[in-house]
Structure formats: C-alpha cells, structure tokens
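One letter stands for each residue in the lines below.
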Amino acid sequence: MGHVLRSLAVAVCAVVLAGIAPARADDMPVIKVEMKDGVILPAIIEVPANTRFKLEISNTGTSPVEFESMELKREKALAAGSTSGIVFRTLDPGTYDVFDDFHPDAKAKLVAK
C-alpha cells in the first residue's frame, strides 16, 4: 500500500509542477533580435534590468552568425534560417556590447533598464 501512495504522490507532484512551469515561462519577457549577414537588429536591444528574460535570436540571413558578448559571458551560434534563445537570470542596469563573431563589423548594444 505504501508503494501505491508514493507512486500517487509522485504523480500528483509531476502534474502540479507541469502546471507551474508553463506559467513561469509565459511570464518571462521575450525580446526578439534579428541577425542577418552582418547586421544585428535592433542596434539598441532594450531589456528589463533585474528581471529574468529571454533573448530570442533569429538568423534570417544566408550565412551562420554568432551572437556574443564578452561582458555578459554569453554566446550563441546559429545556422542560417534558425532561431534560438538565451535566458538571462537578471542583469544589472547598464549598457553591454554585443557582436556577431562571424561578422566582425556587426555590433549592437544591449541596454538593461
């Protein structure tokens, strides 16, 4: 009988946790960034400071790109035509340099405020 109760408790916890996870993901701000053959749009990426958020990066170009920031210690390589995300726990208010490591002239600023 104890085994059945433990199994039931595990199942109930799984259902409860499954219900919580989507709500947390839905509440997280998503900021979209487009990278295209040496251009990062927008050039000023505004994000919320001191708040968990997700950057959704889309490579709409014909060549690979790599979203990178030395200050933020983040990088994400994307094949042409792909989309991926980076979740940031929080950022202090400020301005951070980002660039496309595969296209050295492609630069942008990420501004947390």
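Everything in this summary refers to the structure shown in the same document. (Residues numbered from 1 in each chain as written. Predicted model: local features only at pLDDT ≥ 70, side-chain atom pairs only at ≥ 80, totals over all residues. Heavy atoms only, no water.)

1. Looking at the sheet that holds strand β1 (residues 30–35)
Part 1 of the reasoning: Reading across the sheet, the four strands line up as β2-β1-β4-β7 and stay open at both edges, with mixed pairing between neighbours. Lying at the two open borders of the sheet, with one neighbouring strand each, are β2 (40–41) and β7 (83–88).
Part 2 of the reasoning: Pairing of β1 with strand β4 (residues 53–59) involves six bridges; the strand directions are parallel. The partner of M35 across the bridge, within β4, is N59. (Pairing = 2+ DSSP bridges. Helix = DSSP H or I, 4+ residues; strand = E, 2+ residues; numbered from the N terminus.)

2. Regarding the nonpolar core
Part 1 of the reasoning: With 23 residues, the main nonpolar core has I45, V47, L55, I57, F67, L91 and L110 as its most contacted residues.
Part 2 of the reasoning: Ranked by residue count, the leading element in this core is strand β9 (residues 103–112), at four residues.
Part 3 of the reasoning: Apart from residues no more than four positions distant in its own chain, I45 is found in contact with I31, V33, I40, L55, F67, V98, A108, K109, L110 and V111. (Core = buried A, V, L, I, M, F, W, Y, C linked by side-chain atoms within 4.5 Å. Buried < 20%, exposed > 50% of the residue type's maximum accessible area, 1.4 Å probe, protein only. Contact = heavy atoms within 4.5 Å.)

3. Topic: the pairing of strand β8 (residues 94–100)
On any regular strand, side chains alternate: one points to one face of the sheet, the next to the other face.
Part 1 of the reasoning: Bridge analysis of strand β5 (residues 65–69) against β8 gives two bridges, and the strand direction is antiparallel. Residue pairing across strands places E68 opposite F99, the latter belonging to β8.
Part 2 of the reasoning: In the sheet, β8 pairs with β9 via seven bridges, with the strands oriented antiparallel. Within β9, the residue paired with F99 across the bridge is K107.
Part 3 of the reasoning: What sits between β8 and β9 in their antiparallel hairpin is a turn of two residues.

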